[in-house]
Amino acid sequence: MIDNELAILLARVQFAFTVSFHFLFPAFTIGIASYLAVLEGLWLKTDKGVYANLYRYWLKIFAVVFAMGVVSGIVMSYQFGTNWSVFSDKAGPIIGPLMAYEVLTAFFLEAGFLGVMLFGINKVGRKLHFVATLAVAIGTFISAFWILSVNSWMQTPVGYAINDVGQFVPAAGWWDIVWNPSFPYRLVHTVLAAYLTTAFAVGAVGAWHLLKDKTNPGARKMFSMAMWMAALVAPTQIFMGDLHGLNTLEHQPAKVMAMEGHYESHPDGAPLILFGVPNSEEKRVDYAIEIPKASSLILKHDLNAPLAGLDTIPEADQPPVGIVFWAFRIMVGLGFAMLGIGLWSLLARTRKKLYDWTWLHRAALVMGPSGFIAVLAGWVTTEVGRQPFTIYGLLRTSESAAPLDAPAVAMSLLAFVAVYFIVFGAGIVYIFKLAAKTPEAHEPAPDDAPIRSAGITPAAAVLEGDHEEGAAS
Amino acid sequence: MNGFDLTVIWAGIIAFAVVVYVIMDGFDLGIGILFPNFKVGTDRDTAINSIAPVWDGNETWLVLGGGGLLAAFPLAYAIVLPALYAPLIAMLLGLVLRGVAFEFRWRDPSHRARWDFAFTAGSVIATFAQGVTLGALLQGITVEGRAYAGGWWEWLTPFSILTGFALLAGYALLGCCWLIWKTEGALQRQCYSYAGRLGILLLIAIIAVSAATPFLEEEYYTRWLAYPGVIATAQIPLATLVISVLYFRSLSKKQEAAPFFYALGLFGLSLVGLGVSMWPDVIPGRITIWEAAAPYESQLFMLVGAGIMVPVILAYTAWAYWVFRGKVGSEGYH
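Residues numbered from 1 in each chain as written. Chains lettered and ligands numbered in written order. Predicted model: local features only at pLDDT ≥ 70, side-chain atom pairs only at ≥ 80, totals over all residues.

Attention shifts here to the overall build of chain A. A tally of regular secondary structure across chain A gives 16 helices and six strands. Taking 2.2 N^0.38 as the reference for a compact globule, 473 residues should give roughly 23 Å; the C-alpha atoms of chain A span a radius of gyration of 24 Å, in line with that estimate. Across its three principal axes, chain A shows a C-alpha extent of roughly 70 × 50 × 40 Å. Counting every position in chain A, which comprises 473 residues, the buried fraction comes to 53%. (Helix = DSSP H or I, 4+ residues; strand = E, 2+ residues; numbered from the N terminus. Rg over C-alpha atoms; globule rule 2.2 N^0.38 Å. Buried ≥ 20, exposed ≤ 12 C-beta atoms within 10 Å, placed from the backbone.)

So this is what it looks like as structure tokens:
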């Protein structure tokens, strides 16, 4: 049925579009929420105004990002049913409870304390306000925990039985299902990715303001903190990414074959293809630049270890190679570029030139969006790489979709594209506007609405004592 | 049978989530519906401020309703959502528009009018779509095997349009009463003047929907109007009448908090009515809660979480409301 295939293709495009847009926001909020918690904690501990100012500066950006994350996330929680109803019926007994736990333990926590975090400092005082910030930060992490468990179970399903109506039902304990084989790796890799994304976004904002005025205390502090994160987290992430890759090789070898561009099996040592153009018609990588045997060395820790290629996988079970191959290289390339910035900043720091080397600042500015791109590339690698399945090896994407007519999905896709580009486009412009403002010693509270700026903002009154100190530091 | 109990408990939990959602997001969607009537400037800002700290938490109950349905009744989730595709997508897009407007209107004063419009448009679309969804569910869904088998316009009938408008009236009333409670001065006076008319509008809507329902399906007719069941079901319209009288009295006495709670009462009774019509089906006339239920292990695992977390959530949600208690703008909490 041509129409049915078209409807499924449109549903896949819609899911990819909405989930990609959505993930940009949590990738940022997971990081900024933790960053805000650190800033407020340091402020409470040291009483230095620079931390309070940076807190208020980033809180405004956080509020915009968080709102976009919430509304784009609600779309996701319903799209499983609207567009992937067969999958929902079959997988619901296993993934449903995990997602319900996400709502119960994370979404409510974030939403419940967000109001106090944004507007409540003068109502509850500094300590309780810090608790609210912590609750939101922990909420973002718990949310990542559950949703990544769900995704990982779909990649490496365990602990299930199939009942007489074809549903996947829990057969082993829930512990096994939650901690399925790829979950620990995916969780660490994704959370570190969110931290790196935030570090480079914060670093770019800091660098931008340093390039304009290298004495600005707020810009110096945020740039320094971001570069510490880059220097420490980038190498950790590369190490963790490698472990994640080895785990994928064990459980989803076809995905790794696509990532590596290995159409053929290599009985005695597989080459590492650095670049090339995958040619799926001819089943080879054109113009390949490769290091002999290096892939076997990385994946098997043995130069001559045999590595199977896609020729061992039935055609109908193979993922598309081109997208996975390229997305993987974009992610890895950006990861090493991040490491480079981190090392460069360490060098600058040891020479006491962290705030002086303008080329480092320019490079950090250019790398501002790198985390977002890398995160999306990573998700494309893992999600396209597990095709043609929604539940790996067990349920095909083509057998998961809702019985919708193609025109219905086409209409909704158009509506999503139009609304998302207008709404989130505007939101991104506002984030840029906020980030373009120089961090000030008298950073105003989150909202500067007329009703509040008409008088003295109560939040400012609470923080009054810090302002002069902020200017001095 | 253990499974029996759990399924009923989960039907109760999801019904609870829906009720909490309707009354909590109801008033903030209602403020969106009424928004164009408020004066640009302080009045609009006060109206927004009265819900800014809580709207996100309110909306999370919708996610719990959807997520809970997927987890506890996956078959129902898999049939209902494709059946209501167009209204649900419209609702989601409406929620996107109004959700971001909360932040964006402050960020971009030169385009504030546009985001205020988005706030209203999103609120109206989301509310109307929710009303249509309820109506479409009540009037029946074509099911074949384990899937929806109707077209993508099946939801569109005079009845579902009626329920869409009914919910607009209802949410507007809740929003109006919330503002009476939380504000003072000109904005409060304006809301008092709307509350009476909105109350009449809602009562007309309730009567229209109630009158139409028994004729949708024979089952509804016998359930509501046949003897001896009618003795029990008649209590619902009677209670509605009593609460309506109390509502209008509280308005004429210029009470501040009471109208909101009477309005909640009217909503609660309407939802009880919905329950009477549906129970024990999750898709009326087609699928019972037991047929749609997830296995015992899934429901039990979640019940542990819900049993611990729902009270905790209610506690800190109550705390968050407590933090922002009192009149908005009397001291300006931002």
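Core analysis: the largest hydrophobic core is formed by 254 residues, its most contacted members being A:Leu36, A:Ala230 and B:Phe73. A domain-level breakdown of this core finds at least three residues from each of domain 1 (1-180 + 405-473) and domain 2 (185-403) of chain A. Sequence-distant contacts of A:Ala230, defined by excluding residues within four places in its chain, comprise A:Ala199, A:Phe200, A:Gly203, A:Met338, A:Ile341, A:Gly342 and A:Ser345. (Core = buried A, V, L, I, M, F, W, Y, C linked by C-beta atoms within 7 Å. Domains from an automatic or database assignment. Contact = placed C-beta atoms within 7 Å.)

Counting residues at the interface gives 66 residues for chain B and 64 residues for chain A. Broken down by secondary-structure element, the contributors of at least two residues to the side of chain B that touches chain A are α2 (42-49), α3 (55-72), α4 (74-83), α5 (85-107), β2 (147-148) and α14 (296-323) of chain B. Broken down by element, the side of chain B that touches chain A gets its largest block of residues, 16 residues, from α5(B).

This part covers the environment of B:Ala78. Note that B:Ala78 resides in helix α4. You can call B:Ala78 buried: it has 29 C-beta atoms within 10 Å. Residues B:Ala78 and B:Thr7, 71 residues apart in the sequence, show an inter-C-alpha distance of 17 Å. Leaving out residues up to four positions away in the same chain, B:Ala78 has contacts with A:Gly81, A:Ser85, A:Val86, A:Ser88 and A:Asp89.

As a further point, take the domain arrangement of chain A. All names here are of chain A. Structurally, chain A comprises domain 1 (1-180 + 405-473) and domain 2 (185-403). Here the C-alpha centroids of domain 1 and domain 2 sit 23 Å apart. Tallying the contact residues gives 40 residues for domain 1 and 37 residues for domain 2. If you list the elements that add at least two residues to the side of domain 1 that touches domain 2, you get α1 (2-46), α2 (49-83), α3 (85-119) and α4 (121-155). The class makeup of the residues in the side of domain 1 that touches domain 2 is 26 nonpolar, twelve polar and two charged. (Nonpolar A, V, L, I, M, F, W, Y, C, P; charged D, E, K, R; others polar.)

An α-helical turn contains 3.6 residues, so any two residues separated by three or four positions project in the same direction. Residue and element names in this part refer to chain B. Between its first and last C-alpha atoms helix α8 (residues 185-212) spans 40 Å; for 28 residues at 1.5 Å apiece the expected length is 40 Å, and the two agree. Taking the largest bend as the criterion, α8 deviates by roughly 30°, centred on Ala195. Within the span of α8, buried status applies to Leu187, Cys191, Ala195, Leu198, Gly199, Leu202, Ala205, Ile206 and Val209. For α8, the secondary structure elements touched by its buried residues are α2, α7 (158-182), α11 (235-252) and α12 (258-278). (Expected span 1.5 Å × (residues − 1). Bend = angle between axes of the 7 residues up to and from the residue.)

Our focus in this paragraph is the environment of A:Ile147. When you line up the elements, A:Ile147 lands in helix α4. Spatially, the C-alpha atom of A:Ile147 lies 39 Å from that of A:Trp359, the residues being 212 residues apart in sequence.

Another point: the packing of helix α6 (residues 112-139) of chain B against α7(B). Residues and elements named next belong to chain B. For the pair α6 and α7, interaxial distance at closest approach is 7 Å and the crossing angle is 135°. What the angle tells us is that α6 and α7 run oblique. Seen along the crossing, α6 lies across α7 with a hand that is right-handed. Between α6 and α7, the residues in contact are Val124, Thr127, Phe128, Gln130, Gly131, Val132, Leu134, Gly135, Ala136 and Gln139 and Phe159, Ser160, Ile161, Leu162, Thr163, Gly164, Phe165, Ala166, Leu167, Leu168 and Tyr171, respectively. When grouped by side-chain class, the residues that make up the contact of α6 with α7 number 13 nonpolar, eight polar and no charged. (Axes fitted to C-alpha atoms, helices over the stretch in contact; angles between N-to-C directions. Parallel < 35°, antiparallel > 145°, perpendicular 65-115°, else oblique. Left-handed = near helix turned anticlockwise from the far one by under 90°.)

The next point concerns the packing of helix α8 (residues 253-260) of chain A against helix α10 (residues 321-350) of chain A. Packed helix pairs are characterised by how far apart their axes lie and by the angle those axes make with each other. Residues and elements named next belong to chain A. Where α8 meets α10, the axes come as close as 7 Å, and the angle between the chain directions of the two elements is 70°. Here α10 runs roughly perpendicular to α8, going by the angle between their axes. Where α8 abuts α10, its residues Lys255, Ala258 and Met259 lie against Val321, Val324, Phe325 and Phe328. Its residues assigned to classes, the contact of α8 with α10 shows six nonpolar, no polar and one charged.

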